[in-house]
Each structure stands twice: as C-alpha cells, then as structure tokens.
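# Structural characterization, general
Listed here are the chains, written in short residue letters.
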Amino acid sequence: METRKNPRPFIDEALIAPFRGMKDVLSLSCVVGDAMERNQVMDHEMKPRGADKKIIGPAVTVKLTAGDIVDCLDVFAVTRPGDVVVIDAFGELETSIWGGLMSSLALQAGVAGAVIDGSCRDTDEAKLLGFPIISRTYGPRASHTAYSGRKEPMEINVPVCCGGVVVNPGDLIVGDEIGVAVVPYGDLKEVYEKAKQQASREEATREEILKGASVKALLRKFGRI
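These figures come from a predicted structure and were not determined experimentally. Along each chain, numbering runs from 1 in the same order as the chain's sequence is written. Totals for whole chains, interfaces and linings use every residue, but because this is a predicted model, local features are given only for residues with pLDDT of at least 70 and side-chain atom pairs only at 80 or more, for both listing and counting. Note that the side-chain values use all heavy atoms of the structure and ignore hydrogens as well as water.

## Description of helix H6 (residues 188-210)
- Given a rise of 1.5 Å per residue, 23 residues ought to cover 33 Å, and the 33 Å separating the end C-alpha atoms of H6 matches this to within 8%.
- The contact criterion used throughout is that any non-hydrogen atoms of two residues lie within 4.5 Å. We count a stretch as a helix when DSSP gives it H or I for four or more residues in a row; a strand needs E for two or more, and each element gets its number in order from the N terminus. Of the surrounding elements, those touching the buried residues of H6 are helix H1 (13-20), helix H2 (28-35), strand S10 (172-175), strand S11 (180-183) and helix H7 (215-222).
- One or two residues past the end of H6 sits glycine 212, with phi positive at roughly 100°. Expected span, for any helix, means 1.5 Å times one less than how many residues it has.

Below you can see the structure in the form of structure tokens.
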C-alpha cells in the first residue's frame, strides 16, 4: 500500500489569526474547551514533551497503520508555515514516530507543532530547537523506517482520531502545557467569540478576587467560577 497524499484543504487565515492572537491567554486549551462546552478536548494523557510553547494552527493530518508504524516524512510535502502536524499512531506506546531530526525538518518548514497519538523521542533536542510536541508518551525505540527504508503505508489529510477526538484536515489545534482542544473548521468564528468572552470573564474574575470579592459575589456577578 502506497502513501495516500491528499491536498491541503483551503484554510481561511482570517479565521485562524484571531486564535493566534490569544497566545498570551492563560490556560488557553481550557478556555477554548469551555467555549465548546467541554467537547473536543483530547485525552489527559496528551501532554507536552518538547518546547514550552503553545501550539495554535490548522491541522495537517497523518494516519499511520496499526502494527506497521513508519516515519511520516512525506507530510512535509503538504504542510505550510503555521500548520500543525496531527498524527494518528493508534496510541502505539513502544515505537516512537517523531524524533529530533523530524523536529528540525518541521522547524525548517515553519510547522507550528506536532500532536501525536503515540510516542515521540529526542525530547531534549526538541526543547533545544524550541519546537513544541504533544504526545501520548515518549521513549527511545525508533520506527523501522531508518532500517527498512520504507515510509508507507500511511494516509495524509484524511480524518483521524487523535487523543480520542476526531480531527479533520484544517481543524484548529490549540495545545498548551495542560492539553489539547480541537475546534472544527466550520465552528471557528462561533468558538472564537465564545472563547474571547470566556477569557475576558476569567480576567475580570481574577481582578475581583484580588479586590477581595467573596464566592457568593463572584457567582452573582459572573455566574460561574
């Protein structure tokens, strides 16, 4: 089976840019998850392994094959600067499919980060490079690609399951030190407005707490904490 490489879908940057403007918002994955009423949040095991940076960008998806995990080098023929590589590695925990050289290639391609339902390695190199990775785990065992030379089978830009969430090409990935939220492309405008309101409400709540507001007063003013 050869690699099935679909083209990158059209992505309106005007819908993505407002989220990029939220990079300084505290607990951004939580804010965006709240804006979607707790839906579209990846499993808690999906945690940062590389650089301490938020990941905000549209998904370029990779679907690997269970029991035959290969390196996804072909994805760099599809990505554009600002994209996030999202890999469905079927939760494989013992074979790492992303390492330091992949991080270097991604950085050179302008990729904003990688999210992997599986394992990565060379996390020290990713931190040194300043490249953010979120994965289910990490470990030293490489895929067989470096030895077999084989880079298939895999599918690029198809719907995948990553961290328990269905991710379609072009969906927005919002990742930070807490976890990952996925915003369906068709919901970007609506979710941004709700996330912006949520972030503003939380900031106002923090200010009221510093002024000594009680829980009852906070609930009366904001409706939630």
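## Here's the deal with the side chain of glutamine 198
- Along the chain, glutamine 198 turns up in helix H6.
- Residue glutamine 198 is classed as buried on the basis of its relative accessible area, which comes to 4%.
- Setting aside its immediate chain neighbours within four residues, glutamine 198 contacts Val31, Asp34 and Arg224. Buried means the residue's accessible area, taken with a 1.4 Å probe over protein chains only, is under 20% of the maximum for its type, while exposed means over 50%, and partly exposed covers the values in between.

## Digging into the pairing of strand S6 (residues 133-138)
- Bridging between strand S2 (residues 47-48) and S6 involves 2 bridges; their strand directions are antiparallel. Pairing of proline 48 across the sheet is with isoleucine 134, part of S6. The pairing criterion for strands is at least two bridges between them, as found by DSSP.

## Focus on the nonpolar core
- Side-chain atoms within 4.5 Å are what join buried Ala, Val, Leu, Ile, Met, Phe, Trp, Tyr and Cys residues into a set we call a nonpolar core. Membership of the largest hydrophobic core comes to 25 residues, with the highest contact counts inside it found for Val62, Leu64, Ile87 and Trp98.
- Contributions of two or more residues to this core are made by strand S3 (55-63), strand S4 (84-88), helix H3 (100-108) and strand S5 (113-120).
- Counting residues per element, this core draws most heavily on S5, at 3 residues.

## What to know about a nonpolar patch on the surface
- On the surface, Val215, Leu219 and Ile225 cluster together to form a nonpolar patch covering roughly 290 Å² of accessible area.
- Here leucine 219 lies in helix H7. Within the patch definition used here, like charges are joined within 9 Å and nonpolar side chains (Val, Leu, Ile, Met, Phe, Trp, Tyr) within 5 Å, considering only residues with over 30% relative accessible area and no salt bridge. The Shrake-Rupley method, run with a 1.4 Å probe, gives the accessible areas here. Residue values count only the displayed protein chains as cover. Within this document, salt bridges are pairs made up of a side-chain nitrogen of Lys or Arg and a carboxyl oxygen of Asp or Glu, the two lying within 4 Å of each other.

## As for the side chain of threonine 205
- Among the secondary structure elements, threonine 205 is positioned in helix H6.
- When residues no more than four places from it in sequence are discounted, the contact partners of threonine 205 are Leu218 and Phe222.

## So, the environment of tyrosine 185
- Relative to the elements of secondary structure, tyrosine 185 occurs in the loop between S11 and H6.
- Under the relative-accessibility criterion, tyrosine 185 is labelled partly exposed at 24%.
- With 173 residues separating them in the primary sequence, tyrosine 185 and aspartate 12 have C-alpha atoms 9.4 Å apart.
- Among residues more than four places away in sequence, those in contact with tyrosine 185 are Phe10, Ile11, Asp12, Leu15, Gly170 and Asp171.

## Considerations on H3
- Every buried residue of H3 is listed here: Gly100, Met102, Ser103 and Ala106. Down the axis of H3, the buried set is contained in an arc of 155°. They therefore lie on one face. Within H3, the exposed residues directed more than 90 degrees away from the buried face are Leu101 and Gln108.
- In this fold, the buried residues of H3 make contact with helix H4 (123-129) and S6.
- Residue glycine 110 follows H3 closely and has a positive phi angle near 80°. The directions from the helix axis to the C-beta atoms are what the arc is built from.

## As for the packing of aromatic side chains
- Under the pairing criterion, centres of Phe, Tyr and Trp rings, with the six-membered ring standing for Trp, must be within 6.5 Å; the plane angle then separates stacked pairs below 30 degrees from edge-to-face pairs above 60, leaving the rest tilted. In the structure shown here, the tally under the stated rule is 3 aromatic pairs.
- Between phenylalanine 19 and tyrosine 192 the ring centres are 5.5 Å apart and the planes differ by 65°, which places this aromatic pair in the edge-to-face class. Of this pair, phenylalanine 19 sits in helix H1 while tyrosine 192 sits in helix H6, placing them 173 residues apart in sequence. Of the two residues examined, phenylalanine 19 and tyrosine 192, each falls in the buried class.
- Among the aromatic residues, ring-to-ring pairing joins Phe76, Trp98 and Phe131 into one connected group.

## A few points about the packing of H6 against H7
- At their nearest, the axes of H6 and H7 sit 11 Å apart, and the two run at 150° to each other. Between H6 and H7, the angle falls in the class roughly antiparallel. Of the two elements, H6 crosses H7, and the hand of that crossing is right-handed. Contacts between H6 and H7 involve Arg201, Ala204, Thr205, Glu208 and Ile209 from the first element and Leu218, Lys221 and Phe222 from the second.
- Side-chain classes are defined by residue name, with Ala, Val, Leu, Ile, Met, Phe, Trp, Tyr, Cys and Pro counting as nonpolar, Asp, Glu, Lys and Arg as charged, and the others, Gly among them, as polar. Here the residues of the contact of H6 with H7 sort into 4 nonpolar, 1 polar and 3 charged. Between N-to-C directions, angles span 0 to 180 degrees; the directions come from axes that are lines fitted to C-alpha atoms, helices contributing only their stretch in contact. Roughly parallel covers angles under 35 degrees, roughly antiparallel covers those over 145, roughly perpendicular covers 65 to 115, and oblique covers all other angles. Each crossing gets its handedness from the near helix: less than a right angle anticlockwise from the far helix is left-handed, clockwise is right-handed.

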